[in-house]
Amino acid sequence: MQRRSNERRRKSDPWIAGIVLGLAVILGAVAIVLWQRGGIGPTAQEPSSAEAASVSAVSSSLPAISVAADSSQPASSAAPSSQPSVSSAPPAVIPDGEFVTPKGYTVVTKNGISTVNGVLIVNKTYSIPANYASGLSAEMLAAFNKMAAAAKEEKGYTLTIFSGFRSHANQIAVYNGHVASKGKTRADQVSARPGHSEHETGLTADINYADSSIAPPEEIVWMDENCWRFGFILRYPQGANEATGYNFEPWHMRYIGDTVLAQELYNDGEWISLEEYFGLTSVYAD
Ligand SMILES: [Zn+2]
């Protein structure tokens, strides 16, 4: 009897050891997976500080084409290392596909880029990938130079690019600066979230100034009346803030290239926004 139970114990010992070993292996594997996913270990704040580091790295290596005036934007007052985490979330992306707007136009979204009749759409609904452009497009710059030459020749006005291309990282800094100084709600009224800014397209520039507290200078009034001749549109017309999501910005020029469409949007001085013309929304997903 005694001998038998001893035998049983001896037989069961390796069996118990096997279970313990098995559990240890499983626990170890779970711990490794959790650690890799960042569920445990030193991670929670790491992405934002890494992002802040990449912001300064990219900002300081912006190509010359991004126009000196860009640095006079609020970006300089932004970019503290204690960024609010709000804009470090990736921009909402419209899934690839097509749909017909209430105005009968087809929006085509491919690889996160949305176009209508070949016109790139970037607003609060439609975003672009972070690496969409690396500077102002050569075609846009050539058109701007023609417009500036015409302003000088016809009226003696000087038009210069005040704020042109902004990299995705730069836009993160600009937007975060607004959020930090005035809160997210107000920031969303005056600054685009990263991925939703036309300044990331390389097709847009603020001309001469960007200040809603002063009446548009005469050269800007002239530009708003004549830009369509050079393929530019007044992107945020007066009274269109419900449609565009932004107040009147007489300085903000968007190059679309198509002068026929630009003239239609000009509408004999009663500018129609891209949103109203094509039947598009401009609202953040959240
Ligand atoms: Zn602008």
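1. Regarding the confidence of the model for the protein
- Residues with a pLDDT of 70 or more make up 68% of the protein, whose mean pLDDT is 79.
- The model gives residues 1-11 a pLDDT under 50, and that stretch makes zero contacts with residues more than four places away or in other chains.
- Predicted confidence is poor over residues 28-87, with pLDDT under 50, and the contacts of this stretch with residues over four places away or in other chains come to 57 contacts.

2. A closer look at the coordination of the zinc ion
- Distances from the zinc ion to its protein donors, H199 (NE2), D206 (OD) and H252 (ND1), fall at 2.0 to 2.2 Å.
- Every donor residue of the zinc ion comes from the same chain, spaced as H-x6-D-x45-H.
- You can call H199 buried: its relative accessible area is 4%.

3. Some remarks on the packing of aromatic side chains
- If you walk through the whole model with that rule in mind, you get eight aromatic pairs.
- An aromatic cluster is built from Y105, Y277 and F278, whose rings are joined through pairwise contacts.
- Its end group placed over the ring of Y246, K124 keeps NZ or CZ at 4.6 Å from the ring centre.
- For R193, the ring lying beneath its charged end belongs to Y284, and the centroid distance is 3.8 Å.

4. Things to note about the side chain of T201
- Within the secondary structure layout, T201 lies in the loop between α5 (184-190) and β6 (204-207).
- Within polar-contact distance, the side chain of T201 engages the backbone oxygen of E198 at 2.6 Å.
- Of note is the side chain of T201, whose polar atom sits 3.0 Å from the backbone nitrogen of L203.
- Leaving out residues up to four positions away in the same chain, T201 has contacts with L120, V122, I128, Y132 and A133.

5. Considerations on the nonpolar core
- Residues M147, L159, I207, M223, F232 and F278 are the most contacted members of the largest nonpolar core, which totals 46 residues.
- Looking at this core, the elements with two or more residues in it are β4 (119-120), α3 (138-155), β6, α6 (218-226), β7 (232-234), β8 (252-255), α8 (259-266) and α9 (274-278).
- Looking at this core element by element, the count peaks at seven residues for α3.

6. Quick look at the sheet that holds strand β5 (residues 161-163)
- Across the sheet, which stays open at both edges, the four strands sit in the order β5-β6-β8-β7 with antiparallel pairing between neighbours. Both edges of this open sheet fall to β5 and β7, since each of them pairs with a single strand only. With strand direction ignored, the average angle separating the axes of adjacent strands in the sheet is 45°.
- Summarising the sheet, β7 and β8 pair through three bridges and their orientation is antiparallel. Bridge pairing links I233 to R254 in β8.

7. Quick notes on the layout of surface pockets
- Looking at the largest pocket, its volume works out to about 550 Å³.
- Lining the largest pocket are 26 residues, with H178, V190, S191, E249 and W251 sitting closest to its centre.
- Secondary structure elements with two or more residues in the lining of the largest pocket: α4 (168-182) and α5.
- Of the residues forming the lining of the largest pocket, the biggest block, four residues, is contributed by α4.
- The class makeup of the residues in the lining of the largest pocket is nine nonpolar, 10 polar and seven charged.
- Looking at the second largest pocket, its volume works out to about 250 Å³.
- Lining the second largest pocket are K124, T185, D188, Q189, N241, E242, G245, Y246, N247 and S282.

8. Brief notes about the pairing of strand β2 (residues 106-110)
- Only one face of β2 is covered, namely the face carrying V107 and T109; the face carrying T106, V108 and K110 is uncovered.
- With four bridges connecting them, strand β1 (residues 97-100) and β2 associate as antiparallel partners. The residue bridging G97 from the neighbouring strand is T109, located in β2.
- The loop that links β1 with its antiparallel partner β2 comprises five residues; one of these, G104, has a positive phi angle of about 90°.
- Taken together, the four bridges between β2 and strand β3 (residues 113-116) define a ladder with antiparallel strand orientation. Across the sheet, residue V108 finds its bridge partner in β3, namely T115.

The rules we used
Residues numbered from 1 in each chain as written. Predicted model: local features only at pLDDT ≥ 70, side-chain atom pairs only at ≥ 80, totals over all residues. Heavy atoms only, no water. pLDDT = per-residue confidence, 0-100. Contact = heavy atoms within 4.5 Å. Donors = N, O, S within 2.8 Å, 3.2 Å for Na, K, Ca; no water. Buried < 20%, exposed > 50% of the residue type's maximum accessible area, 1.4 Å probe, protein only. Phe/Tyr/Trp six-rings, centres within 6.5 Å; stacked < 30°, edge-to-face > 60°. Lys NZ or Arg CZ within 6 Å of the ring centre and 35° of its normal. Helix = DSSP H or I, 4+ residues; strand = E, 2+ residues; numbered from the N terminus. Polar contact = N/O pair within 3.5 Å; in protein donor to acceptor, adjacent residues only side chain to side chain. Core = buried A, V, L, I, M, F, W, Y, C linked by side-chain atoms within 4.5 Å. Pairing = 2+ DSSP bridges. Axes fitted to C-alpha atoms, helices over the stretch in contact; angles between N-to-C directions. 1 Å grid on protein atoms, 1.4 Å probe; cavity = no way out; pocket = protein on both sides within 12 Å on 5 of 7 lines; lining within 4 Å. Points joined across faces, edges and corners; volume = space filled by probe spheres on them. Nonpolar A, V, L, I, M, F, W, Y, C, P; charged D, E, K, R; others polar.

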